[in-house]
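Coordinate inspection notes
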Amino acid sequence: MKKLSPALLLLVLVVIGCRLPGALSGGGSGGAISTGGSDPKADIVEASRKFLTLPYFTANMDGMGQTEIRSQVKYLAPDRFHITYLGGTGTGAGMEMIYIGREGYMKSGDNWTKMPTAGQSIPNLRDSFTEEGLKTLSDTKYEGEETLDGESAGVYSYKNVTPAGDYPFTAKMWISHKTGQPMKIFAEYPNGVLKNMTVKYDTVSEVTIEAPVK
């Protein structure tokens, strides 16, 4: 059975969340869903294009595998991440990590320390939006409309494979009728340690990420 460290798992999940549909690179115009459900695949791809252009977002994640996973990831383009473990058995509740380009920092107790990264950059979200991602997107369906946090959204289901580790999964995506952007994703994984994950996105609140220590 494949296993992922908590840190790597969260980084993979951020990429999964942004790239689940395997969007094409390039920007998209703002506004409502393009086809309104008549072409589910086109709507999912367009939502991903719009998401790709966001300068920042916050992803709140709740999942279950061998243990419960509760975490938050803030992203600031092009390469800044702030990861906070909020709770869940065995997931290091209260631990925080910040990545800025090739630099990494970890908080233990009240103190931040710089981590050796050997000059390696962590996965960049935009690197995952490629033509290759569309090759594994399948069984796209429009499931109807729901209200999420007071906002109308179209609900889409599909199958795909994660960009790291080749984990197959089924998922649902809630796409805002107002912005055409993903609001929520629920994914289930038949193989591996992770069983399911819910990701809710805040694309409105501004994000600031700075190095905590010199």
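Refer to the structure presented above.
Residues numbered from 1 in each chain as written. Predicted model: local features only at pLDDT ≥ 70, side-chain atom pairs only at ≥ 80, totals over all residues. Heavy atoms only, no water.

Attention shifts here to the overall build of the protein. When helices and strands are counted, the protein shows 2 helices and 11 strands. Ordering the α and β elements of the protein from the N terminus gives α-α-β-β-β-β-β-β-β-β-β-β-β. Every one of the 214 residues in the protein was classed for burial, and the buried ones make up 46%. By sequence separation, contacts in the protein at least 24 residues apart represent 48% of the contacts at least 6 residues apart. Surface accessibility of the protein: about 10,100 Å² in total, with carbon and sulfur atoms responsible for 49%. (Helix = DSSP H or I, 4+ residues; strand = E, 2+ residues; numbered from the N terminus. Buried < 20%, exposed > 50% of the residue type's maximum accessible area, 1.4 Å probe, protein only. Contact = heavy atoms within 4.5 Å. Areas by Shrake-Rupley, 256 points an atom, 1.4 Å probe, with all protein chains shown as cover.)

A word on the sheet that holds strand S6 (residues 111-115). Taken in spatial order, the 11 strands line up as S6-S5-S4-S3-S2-S1-S11-S10-S9-S8-S7 in an open sheet, and their pairing is antiparallel. A single partner strand is all that each edge strand has here, and the edge strands are S6 and strand S7 (138-148). Taken pair by pair, the neighbouring strands of this sheet meet at an average axis angle of 20 degrees, ignoring direction. Judged from the 7 bridges that link them, strand S2 (residues 68-76) and strand S3 (residues 80-87) form a sheet pairing that is antiparallel. Bridge pairing in S3 links glutamine 72 to threonine 84. Relative to S7, helix H2 (residues 40-52) is tilted by about 70 degrees, and along the sheet it contacts strand S1 (56-64), S7, strand S8 (151-161), strand S9 (168-176), strand S10 (182-188) and strand S11 (196-202). (Pairing = 2+ DSSP bridges. Axes fitted to C-alpha atoms, helices over the stretch in contact; angles between N-to-C directions.)

Right, let's talk about the packing of aromatic side chains for a bit. The geometry of an aromatic ring pair comes down to the distance between the two centres and the angle between the two planes. Applying the stated criterion across every chain, the model contains 7 aromatic pairs. Here phenylalanine 57 and tyrosine 75 contribute two aromatic rings whose centre-to-centre distance is 5.3 Å and whose plane-to-plane angle is 40 degrees, an arrangement assigned as tilted. Linking phenylalanine 57 in strand S1 with tyrosine 75 in strand S2, this pair joins segments that are 18 residues apart in sequence. Between tyrosine 142 and tyrosine 156, the ring centres sit 5.1 Å apart and the planes meet at 55 degrees, which makes this aromatic pair tilted. Taken together, the residues span a long stretch of sequence, with tyrosine 142 in strand S7 and tyrosine 156 in strand S8 at a distance of 14 residues. A residue is classified by how much of its surface remains accessible, and tyrosine 142, at 27% relative accessible area, is partly exposed. Owing to a relative accessible area of 0%, tyrosine 156 belongs among the buried residues under this scheme. (Phe/Tyr/Trp six-rings, centres within 6.5 Å; stacked < 30°, edge-to-face > 60°.)

Limitation: the analysis is restricted to geometry and does not speak to function.
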